[in-house]
Amino acid sequence: EPIDIRQKYMKRTSFVAIDFEHLYPSHETACEVGAVKVLDGLIVGRFYSTIKPPKEKCTGRINSDIIGLNEEMLVSSPTFKEVYRMLCLFVGDMPLVAHHASTEIHTLQKCTSYYNIPEALLKNGMTDTCTMAGGKGLSVCCEEYGITLEEHHHPLQDAEATARLYSALIGEKEQRIVRGERIK
């Protein structure tokens, strides 16, 4: 039976790369999310939002030195529940890609459980670029593949770097530009 190569190729080069940052060690304290939508190897959309973490979960060592945010800066941000609705609309039914996917999965599970909302995104599946790259960190992978990562731990920049890394890992080599930025 013939295989539609285009369809197989599209599935691998159409995805949403996603990254969360946390204010405290608890995954319920997600304070930022970034996502980059890639269709047929082209970046066609970006999603970013800060998130107001639940006050009672804000305990332990604060990650302000890593992410550059603190509780006061997030007071007027939407809650995870509000951001999640918008994120689900952005992602749709596209497969997800993340670096250290287990962390992003855990964040989605913990936050949706905390807010008592159905988790919808994980049904799309999630590919882990860290595993694909042999367990190396995102900044190391970016250096190896010549991918620009100006502000590591900013979720939108990490998501875009992850999208570019995934494309490199699956062998995406085209350089054309058509209504979007070609993944290199």
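Residues numbered from 1 in each chain as written. Predicted model: local features only at pLDDT ≥ 70, side-chain atom pairs only at ≥ 80, totals over all residues. Heavy atoms only, no water.

### What to know about the pairing of strand E3 (residues 42–50)
- Note that strand E2 (residues 30–39) and E3 share eight bridges and pair antiparallel. Along E3, the bridge assignment pairs Ala35 with Phe47.
- Where E2 folds back on E3, the antiparallel hairpin that results is connected by two residues, among which Asp40 adopts a positive phi of roughly 50°. (Pairing = 2+ DSSP bridges. Helix = DSSP H or I, 4+ residues; strand = E, 2+ residues; numbered from the N terminus.)

### Considering the confidence of the model for the chain
- Residue-level pLDDT values for the chain average 88, and 86% of them are 70 or greater.
- For the chain, the element scoring lowest by mean pLDDT is strand E6 (residues 181–182), at 48; helix H4 (residues 80–91) scores highest, at 98.
- This stretch, residues 1–10, has a pLDDT under 50; its non-local contacts, to residues over four places away or in other chains, come to five contacts. (pLDDT = per-residue confidence, 0-100. Contact = heavy atoms within 4.5 Å.)

### Considering helix H5 (residues 101–114)
- In this model H5 runs 20 Å from its N-terminal to its C-terminal C-alpha over 14 residues, within 8% of the 20 Å that 1.5 Å per residue would give.
- Of the residues making up H5, those classed as buried are Ala101, Glu104, Thr107, Leu108, Cys111 and Thr112. One face of H5 carries all of its buried residues, which in axial projection span an arc of 125°. Exposed residues on H5 whose side chains face more than 90 degrees from its buried face are Ser102 and Ser113.
- On its buried face, H5 is in contact with strand E1 (15–22), E2, H4, strand E4 (96–98) and strand E5 (126–128). (Expected span 1.5 Å × (residues − 1). Buried < 20%, exposed > 50% of the residue type's maximum accessible area, 1.4 Å probe, protein only. Arc of directions from axis to C-beta.)

### What to know about the packing of aromatic side chains
- Applying the stated criterion across every chain, the model contains six aromatic pairs.
- Between the aromatic rings of Phe15 and Tyr166, the centroid separation amounts to 4.8 Å while the plane-to-plane angle is 75°, which identifies the pairing as edge-to-face. With Phe15 in strand E1 and Tyr166 in helix H8 (residues 155–169), this residue pair connects regions lying 151 residues apart in the sequence. For the pair shown, Phe15 and Tyr166 are each scored as buried.
- Plain terms: the ring middles of Phe20 and Phe80 are 6.3 Å apart, the flat faces sit at 40° to each other, and that makes the pair tilted. Here Phe20, found in strand E1, pairs with Phe80, found in helix H4; they are 60 residues apart in sequence, far enough to count as distant. Across this residue pair, the class does not change: Phe20 and Phe80 are buried.
- Its end group placed over the ring of Phe90, Lys37 keeps NZ or CZ at 4.8 Å from the ring centre. (Phe/Tyr/Trp six-rings, centres within 6.5 Å; stacked < 30°, edge-to-face > 60°. Lys NZ or Arg CZ within 6 Å of the ring centre and 35° of its normal.)

### So, the layout of surface pockets
- Approximately 360 Å³ is the volume attributed to the largest pocket.
- Surrounding the largest pocket, 20 residues form its lining, Phe20, Glu21, Thr103, Glu104 and His153 being those nearest its centre.
- Those elements that place two or more of their residues in the lining of the largest pocket are E1, helix H2 (64–67), H5 and H8.
- When residues of the lining of the largest pocket are assigned to their parent elements, the largest contribution, four residues, is made by E1.
- Looking at the lining of the largest pocket residue by residue, the class counts come to six nonpolar, ten polar and four charged. (1 Å grid on protein atoms, 1.4 Å probe; cavity = no way out; pocket = protein on both sides within 12 Å on 5 of 7 lines; lining within 4 Å. Points joined across faces, edges and corners; volume = space filled by probe spheres on them. Nonpolar A, V, L, I, M, F, W, Y, C, P; charged D, E, K, R; others polar.)

### Overview of the pattern of salt bridges
- The tally for this structure, following the rule as stated, stands at six salt bridges.
- Glu28 is paired through a salt bridge with Lys57; the nearest N and O atoms lie 3.9 Å apart. Here the residue Glu28 occupies a position in the loop between E1 and E2, and Lys57 occupies one in the loop between E3 and H2, the gap between them amounting to 29 residues.
- For Lys57, a relative accessible area of 29% corresponds to the partly exposed category. (Salt bridge = Lys/Arg side-chain N within 4 Å of Asp/Glu carboxyl O.)

### Re unusual backbone geometry
- Even without a glycine there, the phi angle at His100 is positive, about 65°.
- Within the secondary structure, His100 sits in the loop between E4 and H5.
- With a relative accessible area of 37%, His100 lands in the partly exposed category.
- Residues other than glycine seldom take positive phi values, yet Asn116 does so here, at roughly 55°.
- By the element assignment, Asn116 lies in the loop between H5 and E5.
- The class for Asn116 is exposed, based on a relative accessible area of 69%.

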